[in-house]
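# Commentary on secondary and tertiary structure
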Amino acid sequence: MLSVLKNRTYRHLFLAQAVALTGTGLATVALGLLAYDLAGEQAGLVLGIALTIKMVAYVLIAPIASALIVNLNRRAVLVALDLIRASVLLILPFVTEIWQIYVLIFVLQSASAGFTPTFQATIPDILTDEEDYTKALSLSRLAMDAESLLSPVFAAALLTWMSFDNLFWGTALGFTASALLVISVALPSAHPSKTRGFYERTTRGLKIYLKTPRLRGLLALNWTISAVVSLVFVNTVVIVKTDLGRADAALAIALAGFGAGSMLASLLIPRLLHVLSDRTTMICGGAFATAALGAIPFVGTLDLRLLVAGWFCIGFAYSLVLTPAGRVLARSAHPEDRPAVFAAQFTLSHACWLIFYPLTGWLLLVFGTSTAMCVQSALGFFGVITALKIWPRNSSAPIPHAHRDLPSDHTHLAGHKNHVHSIIIDDLHPRFTPRR
């Protein structure tokens, strides 16, 4: 897996991602402490609103940002957005009103909504061999899981000898370091073959996404993962503290189980995808996630060991679904359309989270833990069944087709083990009616 780091451009981008993730982890802890400092017992409400603002920014801004930056130099865009994020973090220690937190969070997450899809779409243009790209996806997932496990520990260590305000400075330093690493390499910038209006640029990624069968299958699995994992992210603290009556350390243990499962799957995926297709791996992951969540209430009396085991299984399934998603996206669009398609994935996946974050809290509050688990497992299973139905079995085979209600220069690209197939133009096949 580490062999992809021999590529200097990718190595710098991976390090940029790693330091930015570390900074983000520190900022998460610092933001919670800042909210408590300003709002006291209402800190949870403040953070809940901030999380909602984050998701709204992701859903609304990603396609707009993709349209605005499509003709710009990718390296300049990524550096500028990193510096915007660093600037926001430098301002946060000086806020005195809660509304100021909301404004700054919106600016910060809007910058992230432009940065993340652009960054993700750049990697397959650098690592053109699909096996190398798969290793990069697994490495990226490992970095994100490691951040979720280690950043709180790192933040706790720093807070023993500094105030929480200084964590924001550390985060700003992380984003600045990320910008310096990005600017140190040359990045490919795919320019559109024709000039398009702003509206068409904004909606193009969503149109391609929603008219591509395997991407609609990916959306169904995004629904599944959001349904299952939102319960882990939102309600673990309630389950541990209220249902189990355990101390704070048990919360860390439960979440570590989820992270460990995800990291293990990330290590196994490059080899697994030599044996199984993306479709099989991801659908099996979605099914495993829903089964693991739905089984917990029936296995036995809920205790910490059962919770950790269940969260480990869900974390493993989570990575099985999300890690190969980049491969599916990369093979479903021209290089010039990849930023728009990755932005569409960013928008639609976070729309699913925006639905399930409040729903999971309400279900557990009103009906209890067991019922919430069963309901969300059932909702997740609906996504698995939908993916099975709409994602063709042979969608990675080199079968040409195009979407008639998209501009004629759009090609649905078929996947291949080591490269992407050449362009197939719709008007060259006027009588071909895609069945997929």
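Residues numbered from 1 in each chain as written. Predicted model: local features only at pLDDT ≥ 70, side-chain atom pairs only at ≥ 80, totals over all residues. Heavy atoms only, no water.

Quick look at the overall build of the protein chain now. Scanning the protein chain from N- to C-terminus turns up 14 helices and zero strands. Reading the helices (α) and strands (β) of the protein chain from amino to carboxyl end gives α-α-α-α-α-α-α-α-α-α-α-α-α-α. A buried classification covers 52% of the 436 residues belonging to the protein chain. (Helix = DSSP H or I, 4+ residues; strand = E, 2+ residues; numbered from the N terminus. Buried < 20%, exposed > 50% of the residue type's maximum accessible area, 1.4 Å probe, protein only.)

Predicted confidence across the protein chain gives a mean pLDDT of 81, with 85% of residues reaching 70 or more. The spread of mean pLDDT over the elements of the protein chain runs between helix α5 (residues 130–159), the lowest at 77, and helix α14 (residues 369–390), the highest at 96. Long-range and interchain partners of residues 397–405, a stretch whose pLDDT sits below 50, account for 28 contacts in this model, where long-range means more than four residues apart. Taken as a whole, residues 407–436 scores under 50 in pLDDT and shows 76 contacts with residues more than four places along the chain or in a different chain. (pLDDT = per-residue confidence, 0-100. Contact = heavy atoms within 4.5 Å.)

Another aspect to go through is the packing of helix α3 (residues 74–91) against helix α6 (residues 165–183). Close contact between α3 and α6 brings their axes to 8 Å; oriented N to C, the two are set at 170°. The orientation of α3 with respect to α6, classified from their angle, is roughly antiparallel. Residues R75, L78, V79, D82, L83, R85, A86, L89 and L90 of α3 pack against F168, W169, T171, A172, F175, T176, S178, A179, V182 and I183 of α6. In terms of residue class, the contact of α3 with α6 is built from 13 nonpolar, three polar and three charged. (Axes fitted to C-alpha atoms, helices over the stretch in contact; angles between N-to-C directions. Parallel < 35°, antiparallel > 145°, perpendicular 65-115°, else oblique. Nonpolar A, V, L, I, M, F, W, Y, C, P; charged D, E, K, R; others polar.)

It is worth spelling out the side chain of T224 at this point. Topologically, T224 is positioned in helix α8 (residues 213–243). Given a relative accessible area of 0%, T224 falls into the buried group. Those residues within four positions of T224 in sequence are excluded, and the remaining contacts are G286, T290, G380, G383 and V384.

Attention now goes to the packing of aromatic side chains. Enumeration over the complete set of coordinates arrives at 12 aromatic pairs. When the centroid spacing of 6.3 Å and the interplanar angle of 80° are considered together, the rings of F233 and Y318 count as edge-to-face. In this pair, F233 is assigned in helix α8 and Y318 in helix α11 (residues 304–322), connecting sequence segments 85 residues apart. Feature note: the residues F233, F258, Y318, W353 and Y357 constitute an aromatic cluster, connected by ring pairs. The residue whose ring lies beneath R85 is F115, and the NZ or CZ to ring-centre distance is 4.3 Å. (Phe/Tyr/Trp six-rings, centres within 6.5 Å; stacked < 30°, edge-to-face > 60°. Lys NZ or Arg CZ within 6 Å of the ring centre and 35° of its normal.)

With respect to the helices and strands, the residue F312 is situated in helix α11. Counting along the chain gives 58 residues from F312 to A254, while the straight-line C-alpha distance between them is 8.5 Å. Ignoring any residue separated from it by four or fewer positions in sequence, one finds F312 in contact with G257, F258, A260, G261 and L264.

With that settled, the discussion passes to the nonpolar core. The biggest cluster of nonpolar side chains holds 86 residues, and the ones touching the most others in it are Y10, I123, W311 and I314. Counting residues per element, this core draws most heavily on α8, which supplies 11 residues. In terms of nonpolar packing, the next biggest core, distinct from the first, is built from 23 residues, A27, A86, L92 and L167 among them. (Core = buried A, V, L, I, M, F, W, Y, C linked by side-chain atoms within 4.5 Å.)

Before going further, it helps to examine the pattern of salt bridges. Under the criterion given, the structure shown has nine salt bridges. The salt bridge partner of E130 is R327, with a shortest N-O separation of 3.7 Å. Here E130, found in helix α5, pairs with R327, found in helix α12 (residues 325–330); they are 197 residues apart in sequence, far enough to count as distant. The same class applies to E130 as to R327, namely buried. Salt-bridge contacts for R331 lead to D278; the nearest nitrogen and oxygen are separated by 2.5 Å. Residue R331 is found in the loop between α12 and α13 (338–367), and its partner D278 is found in helix α10 (residues 278–299); the two are separated by 53 residues along the sequence. You can call D278 buried: its relative accessible area is 3%. Through salt bridges with shared partners, a single ionic network connects E130, D278, R327 and R331. (Salt bridge = Lys/Arg side-chain N within 4 Å of Asp/Glu carboxyl O.)

One way to put it is that helix α4 (residues 98–126) packs onto α13 with a least axis distance of 8 Å and a crossing angle of 130°. Here α4 lies oblique to α13, going by the angle between them. The handedness of the crossing between α4 and α13 comes out as right-handed. Here α4 contributes S112, A113, T116, P117, Q120, A121, P124 and D125 to the contact with α13, which in turn contributes R338, P339, F342, A343 and F346. When grouped by side-chain class, the residues that make up the contact of α4 with α13 number eight nonpolar, three polar and two charged. (Left-handed = near helix turned anticlockwise from the far one by under 90°.)

Attention now moves to helix α1 (residues 8–39). Here α1 spans 46 Å end to end across 32 residues, near enough to the 46 Å set by a 1.5 Å rise per residue. The opening residue of α1 is N7, an N-cap whose side-chain oxygen sits 3.1 Å from the backbone nitrogen of T9. At the C-terminal side of α1, G40 shows a positive phi close to 60°. (Expected span 1.5 Å × (residues − 1). Polar contact = N/O pair within 3.5 Å; in protein donor to acceptor, adjacent residues only side chain to side chain.)

Together, I84, W99, V103, F106 and V107 make up a nonpolar patch on the protein surface, roughly 450 Å² of accessible area in all. With four residues, α4 is the single largest residue contributor to the nonpolar patch. Mapped onto the fold, V103 is located in helix α4. (Patch = residues over 30% accessible without salt bridge, like charges linked within 9 Å, V, L, I, M, F, W, Y side chains within 5 Å. Areas by Shrake-Rupley, 256 points an atom, 1.4 Å probe, with all protein chains shown as cover.)

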